[in-house]
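What follows is each chain in one-letter form.
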Amino acid sequence: MEARSSPLNQSPKPLSLDIEGQKNEDKVIDYARRSQWLRAAVLGANDGLLSIASLMMGVGAVRKDAKTMILTGIAGLVAGACSMAIGEFVSVYSQYDAEVSQMKRENKSISDGEEEEGREDHLPNPWQAALASALAFAAGAAVPLLGAAFIGDYVVRLVVIIGAVSLALLGFGGLAAVLGGANVVKSSLRMLVGGWLAMGITFGLTKSIGSTGI
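Residues numbered from 1 in each chain as written. Predicted model: local features only at pLDDT ≥ 70, side-chain atom pairs only at ≥ 80, totals over all residues. Heavy atoms only, no water.

### Considering the overall build of the protein
And step 1. The secondary structure content of the protein amounts to seven helices and zero strands.
And step 2. Listing each helix as α and each strand as β along the protein from the N terminus yields α-α-α-α-α-α-α.
And step 3. Going through the 214 residues of the protein one by one, you find that 34% of them count as buried.
And step 4. Contacts spanning at least 24 positions in sequence make up 76% of the contacts within the protein whose residues lie at least 6 apart.
And step 5. For the protein, the exposed surface amounts to about 13700 Å²; the carbon and sulfur share of it is 63%. (Helix = DSSP H or I, 4+ residues; strand = E, 2+ residues; numbered from the N terminus. Buried < 20%, exposed > 50% of the residue type's maximum accessible area, 1.4 Å probe, protein only. Contact = heavy atoms within 4.5 Å. Areas by Shrake-Rupley, 256 points an atom, 1.4 Å probe, with all protein chains shown as cover.)

Okay, structure coming up:
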């Protein structure tokens with residue numbers, strides 16, 4: 001008489017193994033593949049903040065009136081936003097063309113057509129990246145502009161600009177760290193020190209050149 005195996009004697013199957021494995025896979029974030037527009041937005045905002053703040057500090061080293069500083073900042077905002085948008089558009093479009101060419105080389109047969117259509121959804125969008133970069137640059141540039149807009153006293157205006165820009169640099173540094181999976185404190189401090197250097201060097205050099213009477 002053959003002995004029948006009882007369900008109680010059998011080792012339990014790891015039914016939840018696939019589910020747990022899937023959950024673990026879902027928890028792993030590929031920070032290197034963040035969407036193109038988000039990367040452009042963070043870089044654009046930081047660039048706008050530092051560029052316009054340094055520009056206004058440089059002009060403020062030789063011209064103490066608020067009107068000159070604000071007009072300089074506005075001109076820098078418009079020029080910088082356009083430059084960022086065009087540069088980002090050209091860069092991302094080059095990446096787009098390269099990826100499309102690679103896809104065409106990889107797909108040799110008709111059966112691969114569906115796969116190609118699916119991959120096209122993940123291609124970088126040049127227009128989206130350009131718009132995000134321009135808007136982000138303008139948003140970052142607005143911080144020093146707003147800091148200087150309503151303050152008449154020269155010294156207080158400079159202090160407010162430096163303070164507002166410093167807080168924004170810490171915020172952008174922390175945001176960049178979160179998006180990239182890096183250390184928040186180190187990234188924020190690195191951004192802050194770099195911003196101080198940029199503003200300080202611009203102010204000092206412009207002050208030195210202005211003192212020569214040029």
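### A word on the nonpolar core
And step 1. The biggest cluster of nonpolar side chains holds 33 residues, and the ones touching the most others in it are L49, I52, M56, L145, I161, V165 and L169.
And step 2. Looking at this core, the elements that each hand over two or more residues are α2 (36-60), α3 (66-106), α5 (126-149), α6 (154-180) and α7 (184-211).
And step 3. With residues up to four places along the chain from it excluded, the contact list for L169 reads N46, L49, L50, M191, L192 and G195. (Core = buried A, V, L, I, M, F, W, Y, C linked by side-chain atoms within 4.5 Å.)

### Structural notes on the environment of A168
And step 1. Inspection of the secondary structure puts A168 in helix α6.
And step 2. Between the alpha carbons of A168 and G140 there is a distance of 8.2 Å; along the sequence they are 28 residues apart.
And step 3. Setting aside residues up to four positions removed in sequence, A168 forms contacts with L49 and V143.

### Thoughts on the pattern of salt bridges
And step 1. All told, the structure shown has one salt bridge when counted by the stated rule.
And step 2. For the salt bridge of R63 with D65, the shortest nitrogen-to-oxygen distance reads 3.6 Å.
And step 3. R63 sits in the partly exposed class, given a relative accessible area of 44%.
And step 4. The exposure class assigned to D65 is partly exposed, which follows from its relative accessible area of 32%. (Salt bridge = Lys/Arg side-chain N within 4 Å of Asp/Glu carboxyl O.)

### Structural notes on the packing of aromatic side chains
And step 1. By the definition in use, this model includes three aromatic pairs.
And step 2. Judged by centre distance (5.7 Å) and plane angle (70°), the rings of Y93 and Y96 are edge-to-face. Placement of both Y93 and Y96 in helix α3 is noted, with a separation of three residues, approximately one turn of the helix.
And step 3. Classification of Y93 by relative accessible area gives partly exposed; the value is 33%.
And step 4. Within the aromatic cluster, the residues linked to one another by ring pairs are F89, Y93, Y96 and W127. (Phe/Tyr/Trp six-rings, centres within 6.5 Å; stacked < 30°, edge-to-face > 60°.)

### Description of the packing of α5 against α6
And step 1. Two elements in contact, α5 and α6, have axes whose closest approach is 8 Å; the angle formed by their N-to-C orientations is 150°. Here α6 runs roughly antiparallel to α5, going by the angle between their axes. When the axes of α5 and α6 are compared, the crossing they make is right-handed. From α5, V143, P144, G147 and A148 reach across to α6, where they touch R157, V160, I161, A164, V165 and A168.
And step 2. When grouped by side-chain class, the residues that make up the contact of α5 with α6 number eight nonpolar, one polar and one charged. (Axes fitted to C-alpha atoms, helices over the stretch in contact; angles between N-to-C directions. Parallel < 35°, antiparallel > 145°, perpendicular 65-115°, else oblique. Left-handed = near helix turned anticlockwise from the far one by under 90°. Nonpolar A, V, L, I, M, F, W, Y, C, P; charged D, E, K, R; others polar.)

### Some points on the packing of α6 against α7
How two helices pack is summed up by the angle between their axes together with the distance between the axes.
And step 1. Close contact between α6 and α7 brings their axes to 7 Å; oriented N to C, the two are set at 145°. Helix-helix and strand crossings are classified by hand; for α6 and α7 the assignment is right-handed. Between α6 and α7, the contacting residues are Y154, L158, I162, V165, S166, L169, L170, F172, G173, G174, A177 and V178 on the first element and V184, S187, S188, M191, L192, G195, W196, M199 and F203 on the second.

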